[in-house]
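Analysis of the macromolecular model
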Amino acid sequence: MEEKRKKYHRGRRKKKTKKQIASQVISTIVLVVALVVFCISAFKLYEIFHGYHEGESEYEELEEIAIINKGKEGSEEERFQVDFDALKEINKDVVGWIRFEEPAVISYPVVQGRDNAEYLYKTFKGFENTVGSIFVNAYNNPDFKDQNTIIYGHYMNNGTMFHELDQYAEKAFWEQHPYFYIYTPDGTELQYHIYSAGVVKDTSESYIYQFADEAAFAEFVKITRDASNYDTGIEVGEDAQIVTLSTCTKDNNDDRFVVHAVKVAERRQEDE
């Protein structure tokens with residue numbers, strides 16, 4: 001019997017010390033906090049990628065609705081045309097459509113808000129979204145006839161909006177694709193020749209859009225040339241009309257990647 005009692009005797013449980021209890025409590029709290037952080041991070045990532053998807057889908061839909069012809073520049077066939085009546089039914093703030101042949105992903109409607117915050121996180125259809133819109137500086141005229149018209153767009157990590165502008169950091173890319181186009185509601189196609197591309201501070205004089213005289217404008221052109229990663233040799237006359245494209249960079253919140261281009265051609269669709 002003694003042998004049997006010894007065999008099945010479990011002995012007394014040791015009482016946990018306060019230190020052990022505190023350690024367990026801390027471990028549990030750390031685990032719970034880690035799970036909460038993980039869940040919040042996962043939700044935030046979902047929101048970001050869902051926003052990317054929703055924004056990209058919206059602009060793809062707008063392209064289907066508004067682009068009549070997708071003809072290539074120089075083609076004897078159909079030329080690129082935009083149905084601005086269809087766009088205005090969706091958003092009366094539309095002032096144009098910007099298109100690059102390469103990078104072809106840059107093909108978007110352009111709006112102008114009452115200030116430069118309105119379309120930062122609002123899509124063309126008016127939905128709140130981090131992709132925002134491509135928009136003209138609120139203080140420019142909407143017809144792209146100012147000496148310097150500024151157009152803003154986000155640098156999106158999924159490659160949309162103005163993300164691909166930074167390809168112009170390399171001269172080799174500019175040499176192959178030096179032009180872009182803006183289409184306006186009155187049926188005009190404007191062709192621009194890029195003469196400068198580089199990184200500037202968000203307070204740079206590259207963002208000046210009004211000039212007191214010819215000397216001030218000439219100084220602006222010099223400043224934008226000096227900020228370029230390379231010399232393009234493109235002439236910019238004293239009566240030039242420039243468009244400045246601006247986006248963020250992936251490296252610094254205070255930096256902007258800017259592309260400056262001068263208008264070199266203008267044609268009306270009905271003249272073709």
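Residues numbered from 1 in each chain as written. Predicted model: local features only at pLDDT ≥ 70, side-chain atom pairs only at ≥ 80, totals over all residues. Heavy atoms only, no water.

Describing the confidence of the model for the protein
On average, residues of the protein carry a pLDDT of 86, and 79% of them reach 70 or more. Low pLDDT (under 50) marks residues 41-47, which in the prediction has zero contacts with non-local residues, meaning those over four places away or in another chain. (pLDDT = per-residue confidence, 0-100. Contact = heavy atoms within 4.5 Å.)

Brief notes about the pairing of strand S4 (residues 107-111)
The buried count for S4 comes to five of five residues, which makes it a mostly enclosed element. Sheet topology places strand S3 (residues 94-99) next to S4; five bridges connect them, and they run antiparallel. Paired with Arg99 across the two strands is Ser107, which belongs to S4. Pairing geometry for S4 and strand S5 (residues 134-136), over two bridges, is parallel. Paired with Val111 across the two strands is Phe135, which belongs to S5. (Buried < 20%, exposed > 50% of the residue type's maximum accessible area, 1.4 Å probe, protein only. Helix = DSSP H or I, 4+ residues; strand = E, 2+ residues; numbered from the N terminus. Pairing = 2+ DSSP bridges.)

Some words on a negative patch on the surface
Residues Asp213, Glu214, Glu238 and Asp239 make up a contiguous surface patch of negative charge. In this fold, Asp239 is placed in the loop between helix H5 (214-226) and strand S9 (242-248). Judged by relative accessible area, which is 67%, Asp239 ranks as exposed. (Patch = residues over 30% accessible without salt bridge, like charges linked within 9 Å, V, L, I, M, F, W, Y side chains within 5 Å. Areas by Shrake-Rupley, 256 points an atom, 1.4 Å probe, with all protein chains shown as cover. Salt bridge = Lys/Arg side-chain N within 4 Å of Asp/Glu carboxyl O. Lys, Arg positive; Asp, Glu negative; His and termini not counted. Charge placed at Lys NZ, Arg CZ, Asp CG, Glu CD.)

Observations regarding the nonpolar core
Ranked by internal contacts, the top residues of the largest apolar core, which has 56 residues, are Ile151, Tyr168, Phe180 and Leu245. Leave out the neighbours within four places in its chain, and Ile151 touches Val110, Ile134, Phe135, Val136, Phe144, Phe162, Ile182, Val243, Thr244, Leu245 and Ser246. (Core = buried A, V, L, I, M, F, W, Y, C linked by side-chain atoms within 4.5 Å.)

Side note on the packing of aromatic side chains
Taken as a whole and assessed by the stated rule, the structure comprises 12 aromatic pairs. Here Tyr152 and Tyr207 contribute two aromatic rings whose centre-to-centre distance is 6.3 Å and whose plane-to-plane angle is 10°, an arrangement assigned as stacked. In this pair, Tyr152 is assigned in strand S6 (residues 148-152) and Tyr207 in the loop between strand S8 (188-201) and H5, connecting sequence segments 55 residues apart. By relative accessible area, Tyr207 is classed as buried at 13%. Clustering of aromatic rings is evident, with ring pairs tying together Phe100, Tyr168, Phe173, Phe180 and Tyr192. The lysine or arginine in question, Arg99, covers the ring of Phe80, its NZ or CZ lying 4.4 Å from the ring centre. Looking at Lys122, its charged tip hangs above the ring of Tyr119, at a distance of 4.7 Å from the centre. (Phe/Tyr/Trp six-rings, centres within 6.5 Å; stacked < 30°, edge-to-face > 60°. Lys NZ or Arg CZ within 6 Å of the ring centre and 35° of its normal.)

What about the sheet that holds S3?
Around the barrel, which closes on itself, the eight strands sit in the order S3-S4-S5-S6-S9-S10-S8-S7 with mixed pairing between neighbours. If you compare each strand with its neighbour and ignore which way they point, the axes differ by 30° on average. Pairing of S5 with S6, which is carried by two bridges, proceeds in the antiparallel orientation. Bridged to Phe135 within S6 is Tyr152. Of the strands in this sheet, S6, S8, S9 and strand S10 (255-268) are in contact with H5, which crosses S8 at around 65°. (Axes fitted to C-alpha atoms, helices over the stretch in contact; angles between N-to-C directions.)

Here's the deal with the environment of Gly126
On the secondary structure map, Gly126 appears in the loop between S4 and S5. The partly exposed category is assigned to Gly126, whose relative accessible area is 39%. Taking the C-alpha atoms as reference points, Gly126 and Ile90, separated by 36 residues in sequence, lie 9.1 Å from one another.

Overview of unusual backbone geometry
Glu102 connects to Pro103 through a cis peptide bond whose omega is -5°. Tracing the backbone shows Pro103 in the loop between S3 and S4. The backbone phi angle of Phe144 is positive, close to 65°, even though this residue is not glycine. Checked against the element boundaries, Phe144 lands in the loop between S5 and S6. Notably, Met161 is not glycine yet its phi reads approximately 55°, a positive angle. Mapped onto the fold, Met161 is located in the loop between S6 and helix H4 (171-176). Residue Met161 is classed as buried on the basis of its relative accessible area of 1%.

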